[in-house]
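Geometric and topological summary
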Amino acid sequence: MRALPVVILIFGCGAARPLAAQWHLGVELAATRYGGSSHDTSSSHVASQGRPGDATAITIRIGKNWRRYGVALRGSYAKPGLAVAGNNINLTDKTTGDLFEIVPLMSTRVGGIGPSGAVRLELGPALYLWNLDDDMHARVGALAAVVYEWPVAGRMSGTVRLEGTLSRSWFDAGDVPPEFERRATWRYGVGLGLRYRL
């Protein structure tokens, strides 16, 4: 009977190591492009769209993968600013418009490329905090991504990520002129990253 706790401890320690090896930390740089947000319905302005500007986002994530499924939590920062566009005009004010983003993700492996590369589909809700002229706009949206991950060296792996997001307009009613209609804000991005398996 005294040996039972020792056996449980040995098996517990042995099982904990493979489980711990599934955790990973990652960093990623992504080029993002925004659309939607607001549109001039009167056609009286040269620039008929108001939206967040295009930006480079830096992301840190922690996650855990099993054989097929995985979970992760990622936080991102970018400075998209405020863009007005239309009729071959695109002006972006980068002095405002900081973006903080938090996304819990669930993933599933949907295929592989080569002997050890994995293709994963990720889905999750996203919280966007867009600081526009010291006025915080909080929005909830959805994110979907396709990720290809392959081993680089040792515990390091590389990733290529293609993602899209959708939420209601990032503008409040008082942010746009009356002739502008608020529309859903969408974004797509392409990113490169590195992950370290713990």
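Our structure is the block above this text.
Everything in this summary refers to the structure shown in the same document. From a predicted model like this one, the values you see are computed outputs, not experimental measurements. (Residues numbered from 1 in each chain as written. Predicted model: local features only at pLDDT ≥ 70, side-chain atom pairs only at ≥ 80, totals over all residues. Heavy atoms only, no water.)

So, on to the overall build of the chain. Secondary structure summary: the chain contains one helix and eleven strands in total. Order of helices (α) and strands (β) in the chain, N terminus to C terminus: α-β-β-β-β-β-β-β-β-β-β-β. In the chain, which comprises 198 residues, the proportion classed as buried is 39%. In the chain, once contacts between residues fewer than 6 apart in sequence are set aside, the share between residues at least 24 apart is 62%. Only carbon and sulfur atoms are counted for the fraction: they give 67% of the accessible area of the chain, which is about 11,100 Å². (Helix = DSSP H or I, 4+ residues; strand = E, 2+ residues; numbered from the N terminus. Buried < 20%, exposed > 50% of the residue type's maximum accessible area, 1.4 Å probe, protein only. Contact = heavy atoms within 4.5 Å. Areas by Shrake-Rupley, 256 points an atom, 1.4 Å probe, with all protein chains shown as cover.)

Most peptide bonds adopt trans geometry, and most residues besides glycine take a negative phi value. The phi torsion at Ser37 lies on the positive side, around 80 degrees, for a residue other than glycine. Within the secondary structure, Ser37 sits in strand β1 (residues 23–40). Judged by its relative accessible area of 0%, Ser37 falls in the buried class. Positive phi, normally seen in glycine, also occurs at Asp134, with a value near 60 degrees. Considering the arrangement of structural elements, one finds Asp134 in the loop between β8 (117–132) and β9 (135–153).

This part is about the side chain of Ser76. Mapped onto the elements of the fold, Ser76 is located in strand β4 (residues 69–78). On the accessibility criterion, Ser76 (11% relative accessible area) is buried. Side-chain polar atoms of Ser76 contact the side chain of Thr59, separated by 2.6 Å. Residues in contact with Ser76, not counting those within four places in the same chain, are Ile58, Thr59, Leu99, Phe100 and Glu101. (Polar contact = N/O pair within 3.5 Å; in protein donor to acceptor, adjacent residues only side chain to side chain.)

A word on a negative patch on the surface. A contiguous patch of negative charge on the surface is contributed by Asp93, Asp133, Asp134, Asp135 and Asp175. For Asp134, a relative accessible area of 74% gives the class exposed. (Patch = residues over 30% accessible without salt bridge, like charges linked within 9 Å, V, L, I, M, F, W, Y side chains within 5 Å. Salt bridge = Lys/Arg side-chain N within 4 Å of Asp/Glu carboxyl O. Lys, Arg positive; Asp, Glu negative; His and termini not counted. Charge placed at Lys NZ, Arg CZ, Asp CG, Glu CD.)

A few words on the nonpolar core. Within the largest apolar cluster, 16 residues are counted, with the highest numbers of intra-cluster contacts made by Leu99, Trp130 and Trp170. Put simply, the parts of the chain that give this core at least two residues each are β7 (98–113), β8 and β9. Beyond its immediate chain neighbours, meaning those up to four positions away, Trp130 contacts Pro52, Pro80, Gly81, Leu82, Gly97, Asp98, Leu99, Asp135, Met136, His137, Trp170 and Phe171. (Core = buried A, V, L, I, M, F, W, Y, C linked by side-chain atoms within 4.5 Å.)

For the rest of this paragraph, the subject is the packing of aromatic side chains. Scanning the entire structure with this criterion turns up seven aromatic pairs. An angle of 50 degrees between the planes, with centres 5.4 Å apart, marks the rings of Trp130 and Trp170 as tilted. Placement of the pair is Trp130 in strand β8 and Trp170 in the loop between β10 (156–167) and β11 (180–197), with a sequence separation of 40 residues. In this structure Trp130 comes out as buried when scored by relative accessible area, which is 0%. Note on Trp170: relative accessible area 2%, which makes it buried. Seen in terms of ring centroids, Trp186 and Tyr188 are 6.1 Å apart; in terms of plane orientation they differ by 10 degrees. Their pairing is stacked. Residue Trp186 is classed as partly exposed on the basis of its relative accessible area of 38%. Here a set of aromatic residues connected by ring pairs shows up, and it is made of Tyr34, Tyr128, Trp130, Trp170 and Phe171. (Phe/Tyr/Trp six-rings, centres within 6.5 Å; stacked < 30°, edge-to-face > 60°.)

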